[in-house]
Amino acid sequence: MSNDARLIAGNEEYSYPVLSGSVGPDVIDIRKLYAQTGMFTYDPGFTSTASCESALTYIDGDEGVLLHRGFSIEELSENSSFMEVSYLLLNGELPSSAELDEFSRTITRHTMLHEQLATFYRGFRRDAHPMAIMCGVVGALSAFYHDSTDISDPVHRKISSHRLIAKMPTIAAMAYKYSVGQPFVYPDNSLSYTGNFLRMTFGVPAEPYVVNPVVEQALDRIFILHADHEQNASTSTVRLAGSSGANPFACIAAGIACLWGPAHGGANEAALNMLKEIGTPDKIPHYIERAKDKNDPFRLMGFGHRVYKNYDPRATVMQKTVREVLTALKVNDPIFEVALQLEEMALNDPYFIEKKLFPNVDFYSGIILSAIGFPTTMFTVLFALARTVGWVAQWNEMISDPGQKIGRPRQLYTGPTAREYVPLDNR
Ligand code: ACO
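Source: prediction; values computed, not measured.

A. Looking closely at unusual backbone geometry. One non-glycine residue, Glu230, adopts positive backbone phi at about 60°. Mapped onto the elements, Glu230 comes out in the loop between α9 (213-225) and α10 (233-243). With relative accessibility at 26%, the residue Glu230 sits in the partly exposed group. Unusually for a residue other than glycine, Lys330 sits at a positive phi of about 55°. Residue position: Lys330 is located in the loop between α14 (313-328) and α15 (334-347).

Here it is in structure tokens:
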């Protein structure tokens with residue numbers, strides 16, 4: 001039997017090839033649909049549409065599985081460093097120790113920013129949201145590093161990818177320093193990627209900064225958990241922006257803008273704010289009822305996911321990491337207890353069971369980040385920092401694909417049909 005999918009439209013029957021990936025659902029190749037039938041498909045939110053081929057990340061949302069280049073997120077977060085995962089995402093294989101050293105050295109060499117970029121920061125109000133600063137400053141990188149913006153040149157693509165991964169911690173730390181009125185701290189290339197970021201964020205020139213290894217490891221793990229996540233909204237934004245041939249710095253700035261929203265990367269900030277608002281376990285039932293009320297726009301932030309209809313595997317690692325960090329820092333945060341009880345109550349509630357709503361990666365991350373000392377406004381910035389490697393890996397994959405086309409969805413038009421223009425005086 002043919003493996004084609006048949007479509008009957010009017011009196012005609014059409015046949016479309018079914019393509020199989022290495023794992024996961026098959027896809028119906030409808031590229032010829034419009035030419036053959038004069039019809040488009042209609043799929044708001046792309047709930048049933050595969051927009052590209054990709055060999056980077058695989059998610060089985062029903063089973064709660066997340067693989068990068070075939071390796072499980074649990075194993076990577078337990079055994080790898082963020083640099084190692086970055087190498088894996090970019091190159092497809094785990095590095096040897098010599099390759100990892102070389103890659104880390106290369107990234108380290110790009111951590112400084114062009115000195116003139118500091119003047120950009122001074123143009124922002126002190127109370128600017130750091131994500132607003134990130135969008136602006138990352139977009140501005142294309143004005144400083146135009147020696148690496150020829151996207152048809154693989155060497156340019158590699159250099160700008162390394163620059164973005166390397167400079168993001170410096171940019172993020174400077175956004176924080178600016179908001180608290182402290183001097184910018186230059187990178188120290190003797191430290192690890194994550195240790196360096198901690199020092200640039202929390203260190204001050206007046207005294208030495210000692211990196212706490214537990215905090216360093218926990219933050220590095222958080223970066224691993226956020227490194228890539230298939231064709232999510234911000235990654236699709238990066239791909240769409242890149243499909244027109246825009247330079248990588250502009251594309252990543254577009255991804256940052258998309259990530260900012262509370263339904264995506266902004267959820268970690270919203271989740272912690274929600275937990276603080278709940279405040280004590282006795283108020284949980286009230287908020288659960290609100291989340292279930294169709295007439296109330298309130299949702300449990302950090303709960304639910306477009307793809308995971310099971311526990312988000314990143315949330316499991318995150319919950320374990322919260323315990324480690326709170327114990328190591330001797331922080332007794334009552335909000336953690338609120339989170340644990342909220343999770344338990346929601347997971348036993350028929351509304352959340354029926355709709356398959358489970359905690360996602362953002363539910364616990366805010367508690368750790370807050371214990372480390374980050375203000376809530378920095379949470380999405382940290383997500384952007386870590387996701388940059390995924391964005392550049394996906395962007396590189398797209399540009400290297402010989403079949404790549406500009407992204408151009410179609411629409412179901414519901415506006416007025418052609419009508420006669422009435423001059424202003426006659427209206
Ligand atoms: N609380 C209460 N109800 C929810 C929640 C929630 N957090 N999430 C979904 N629902 C309900 C919806 O009201 C809807 O109910 P209905 O079928 O009766 O209309 C149903 O579950 C399906 O929800 P949709 O919004 O249609 O699902 P979608 O896949 O479009 O949205 C999303 C997924 C945006 C993540 C959603 O679950 C949500 O808003 N969650 C809260 C925000 C959040 O945590 N975002 C982080 C996502 S992970 C990330 O970006 C890293």
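From this point, the narrative continues.
B. Spotlight on the sheet that holds strand β6 (residues 65-68). Pairing within the open sheet is antiparallel, and its three strands lie in the order β5-β6-β7. Edge positions in the open sheet fall to β5 (57-60) and β7 (71-72), since each of these has one partner strand only.

C. View of the nonpolar core. Grouped together as the largest cluster of nonpolar side chains are 113 residues, with contacts concentrated most on Ile256, Tyr364, Ile367 and Phe374. In terms of residues, this core owes the most to one element, helix α18 (residues 379-400), which gives 14 residues. With near-sequence residues (within four places) excluded, Phe374 lies in contact with Phe197, Leu198, Thr201, Phe202, Leu219, Leu369, Phe379 and Leu382.

D. Region of interest: the site of the ligand. Surrounding the ligand, one finds 20 residues, the nearest of these being Arg299, Leu300, Gly302, Arg306 and Lys355. Contacts to the ligand include Lys294, whose side-chain N or O atom sits 2.9 Å from an oxygen atom. In terms of residue class, the shell around the ligand is made up of ten nonpolar, five polar and five charged.

E. Representation of the pairing of strand β2 (residues 12-16) in the model. Where strand β1 (residues 5-9) meets β2, five bridges bridge the pair, whose relative direction is antiparallel. Residue pairing across strands places Ile8 opposite Glu13, the latter belonging to β2. Linkage of β1 to β2, two consecutive antiparallel strands, is achieved through a turn of two residues, within which Gly10 is found at a positive phi near 65°.

F. The packing of aromatic side chains, seen in detail. Inspection of the entire model under this criterion finds 19 aromatic pairs. Seen in terms of ring centroids, Phe202 and Phe374 are 4.9 Å apart; in terms of plane orientation they differ by 55°. Their pairing is tilted. Of the two residues, Phe202 is situated in helix α8 (residues 193-202) and Phe374 in the loop between α17 (362-372) and α18; the sequence distance between them amounts to 172 residues. When the ring of Tyr287 is compared with that of Phe298, the centres are 5.6 Å apart and the planes differ by 65°; the resulting orientation is edge-to-face. In this pair, Tyr287 sits in helix α13 (residues 284-292) while Phe298 sits in the loop between α13 and α14, placing the two residues eleven residues apart along the sequence. Residue Tyr287 is classed as buried on the basis of its relative accessible area, which comes to 8%. Of the residues examined, Phe298 reaches a relative accessible area of 14% and is grouped as buried. Among the aromatic side chains, those forming a connected cluster through ring pairs are Phe82, Tyr176, Tyr193, Phe197, Phe202, Phe223 and Phe374. Its end group placed over the ring of Tyr178, Arg126 keeps NZ or CZ at 4.1 Å from the ring centre.

G. Fine view of the pattern of salt bridges. As enumerated under the stated definition, the model contains twelve salt bridges in all. Across the salt bridge formed by Glu289 and Lys292, the nearest N and O atoms sit 3.3 Å from each other. One end of the pair, Glu289, and the other, Lys292, are both in helix α13, three residues apart, so they sit about a helical turn from each other. We classify Glu289 as partly exposed; its relative accessible area is 47%. Here Arg290 and Asp296 are joined by a salt bridge, their closest N and O atoms 2.7 Å apart. For Arg290, a relative accessible area of 26% translates into the label partly exposed.

H. How the structure looks around the packing of helix α6 (residues 130-144) against helix α7 (residues 154-180). Two elements in contact, α6 and α7, have axes separated by 10 Å at closest approach and are oriented at 140°. On the basis of their axis angle, the class for α6 and α7 is oblique. Between α6 and α7 lies a crossing of right-handed hand. Each of Pro130, Ile133, Met134, Val137, Val138 and Leu141 in α6 lies in contact with α7, whose residues at this interface are Leu164, Met168, Ile171, Ala172, Ala175 and Tyr178. For the contact of α6 with α7, a count of residues per class yields twelve nonpolar, no polar and no charged.

Each value, and the rule that gives it
- Position labels on residues start from 1 in each chain and follow its written sequence.
- The predicted nature of this model means local features are confined to residues of pLDDT at least 70 and side-chain atom pairs, given and counted, to a pLDDT of 80 or more, with totals for whole chains, interfaces and linings taken over all residues.
- The side-chain values count all of the structure's non-hydrogen atoms but skip hydrogen atoms and water molecules.
- Runs of E in the DSSP output that reach at least two residues are strands. Runs of H or I that reach at least four are helices, and both are numbered from the N terminus.
- Only protein chains enter the accessibility calculation, which uses a 1.4 Å probe; a residue whose area is less than 20% of its type maximum is buried, one above 50% is exposed, and one in between is partly exposed.
- For two strands to pair, DSSP has to find at least two bridges joining them.
- Here, nonpolar core refers to any group of buried Ala, Val, Leu, Ile, Met, Phe, Trp, Tyr and Cys residues whose side-chain atoms link them within 4.5 Å.
- Contacts were defined at the residue level, with two residues in contact if any of their heavy atoms lie within 4.5 Å.
- Whether a residue is near a molecule or strand depends on its heavy atoms: if one lies within 4 Å, it is near.
- Counting of polar contacts relies on pairs of N or O atoms within 3.5 Å, with two restrictions inside protein: one atom must be capable of donating a hydrogen and the other of accepting it, and residues adjacent in sequence are counted only when both atoms are side-chain atoms.
- Each residue is assigned to one class: nonpolar for Ala, Val, Leu, Ile, Met, Phe, Trp, Tyr, Cys and Pro, charged for Asp, Glu, Lys and Arg, and polar for all the others, Gly among them.
- The criterion for an aromatic pair is that two Phe, Tyr or Trp rings (for Trp, the six-membered ring) have centres within 6.5 Å, with stacked assigned to planes under 30 degrees apart, edge-to-face to planes over 60 apart and tilted to the rest.
- Whether a charge sits over a ring depends on NZ of Lys or CZ of Arg being within 6 Å of the ring centre and within 35 degrees of the ring normal.
- Just to be clear on terms, a salt bridge is a Lys or Arg side-chain nitrogen sitting within 4 Å of an Asp or Glu carboxyl oxygen.
- Every angle, taken between N-to-C directions, lies between 0 and 180 degrees, and every axis is a line fitted to C-alpha atoms, over only the stretch in contact when it is a helix.
- An angle below 35 degrees is read as roughly parallel, one above 145 as roughly antiparallel, one from 65 to 115 as roughly perpendicular, and any other as oblique.
- Crossings are assigned a handedness: left-handed for a near helix turned anticlockwise from the far helix by less than a right angle, right-handed for a clockwise turn.

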